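Notes for the structure review
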Amino acid sequence: LTLAAISGTCQATVVTLIPYGRQLGFAPATVALLVSVFAVSAGVTKVGAGLLADHLNRRALLVIAALCMTCSWLVVSISVEYAALVTCAGLAGVGLGFALPTVGALIAGHFGAPSFGTVMGWTYVLVLLFAILAVLFAASVFDRTGSYVPAFQSFAGLLGGLLLLNLLMPPFRQSLMP
């Protein structure tokens, strides 16, 4: 669920930051750079997180991912400065970068190779559903209010709730494998 919310709202990040930045008066080339900030931060973080997921507590890494996404939405909700947009894009990329390899490692460690493909496939059904709903939600909020900020705040609340849930949940069982 946490991966789906992180990944889904990341899609909303990519879709909304450019029109939001334009609405704030920033030049097209300036706001288009935000997609690059997101992509580079996600790509670099995926490599590092993949290495870390082999050696550190994977659940802690997923908490870091949720914290990054929560903060990305909070930053862009409270400031209209370009630095806030860059920070949002960067934190969202880091959040996604931590989430993807960490969840893969969690699934592999918990379910094992025989079930990995099936579990990961169903996980991505949820991810795609969240992505579609997040983008539609942001568009609907903008159409009704003329602003993306209420959607940003909603995403921060959702991810903050999932972050809290991840912190309060008991530890996972070691494995379902025999």
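Quick summary incoming for the structure in this document. Residue numbering note: each chain is counted from 1, following its sequence as written. A pLDDT threshold of at least 70 governs which residues receive local features in this predicted model, and a stricter bar of 80 or more applies before side-chain atom pairs are shown or counted, although totals over entire chains, interfaces and linings include all residues. The side-chain numbers reported here are obtained from all heavy atoms of the structure, hydrogens and water having been left aside.

Attention shifts here to the nonpolar core. Joining through side-chain atoms within 4.5 Å is the link that ties buried Ala, Val, Leu, Ile, Met, Phe, Trp, Tyr and Cys residues into a set, and such a set is a nonpolar core. When a residue's accessible area, from a 1.4 Å probe over protein chains only, is under 20% of the maximum for its type it is buried; when over 50% it is exposed; and in between it is partly exposed. By size, the foremost hydrophobic cluster in this structure holds 48 residues, and its most contacted members are Ile6, Trp73 and Val76. We count a stretch as a helix when DSSP gives it H or I for four or more residues in a row; a strand needs E for two or more, and each element gets its number in order from the N terminus. Those elements that provide at least two residues to this core are helix 1 (2-23), helix 2 (28-53), helix 3 (58-78), helix 4 (82-111), helix 5 (113-145) and helix 6 (149-168). No other element matches helix 4, which puts twelve residues into this core. When checking whether two residues touch, look at their non-hydrogen atoms; a contact exists if any pair is within 4.5 Å. In contact with Ile6, not counting residues within four places along its chain, are Ala65, Ala66, Met69, Gly95, Leu96, Ala99 and Leu159.

Looking now at the side chain of Thr102. Note that Thr102 resides in helix 4. With near-sequence residues (within four places) excluded, Thr102 lies in contact with Ala53, Arg58, Leu61 and Leu62.

Within the element layout of this structure, Asn166 appears in helix 6. Once residues within four sequence positions are removed from consideration, Asn166 is found in contact with Thr2, Arg59, Leu62 and Val63.

With that out of the way, let us pick up the environment of Ser154. Topologically, Ser154 is positioned in helix 6. Here a polar contact means two N or O atoms within 3.5 Å. Within protein one must be a hydrogen donor candidate and the other an acceptor candidate, and residues neighboring in sequence count only if both atoms are side-chain atoms. A polar contact is formed between the side chain of Ser154 and the backbone oxygen of Pro150, at a distance of 2.9 Å.

Next up on the list: helix 2. A helix is expected to reach a length of 1.5 Å times the quantity of its residues less one. In this model, helix 2 (26 residues) spans 37 Å end to end at C-alpha, consistent with the 38 Å of a helix rising 1.5 Å per residue. Within the span of helix 2, buried status applies to Val31, Leu34, Phe38, Ser41, Ala42, Thr45, Ala49 and Ala53. Residues of helix 2 that are buried sit in contact with helix 1, helix 3 and helix 4.

Assignment of secondary structure puts Pro150 in helix 6. Under the relative-accessibility criterion, Pro150 is labelled partly exposed at 31%. In this structure the C-alpha to C-alpha distance between Pro150 and Leu62, which are 88 residues apart in sequence, comes to 25 Å. The residues touching Pro150, leaving out its near neighbours within four places in the chain, are Val141 and Thr145.

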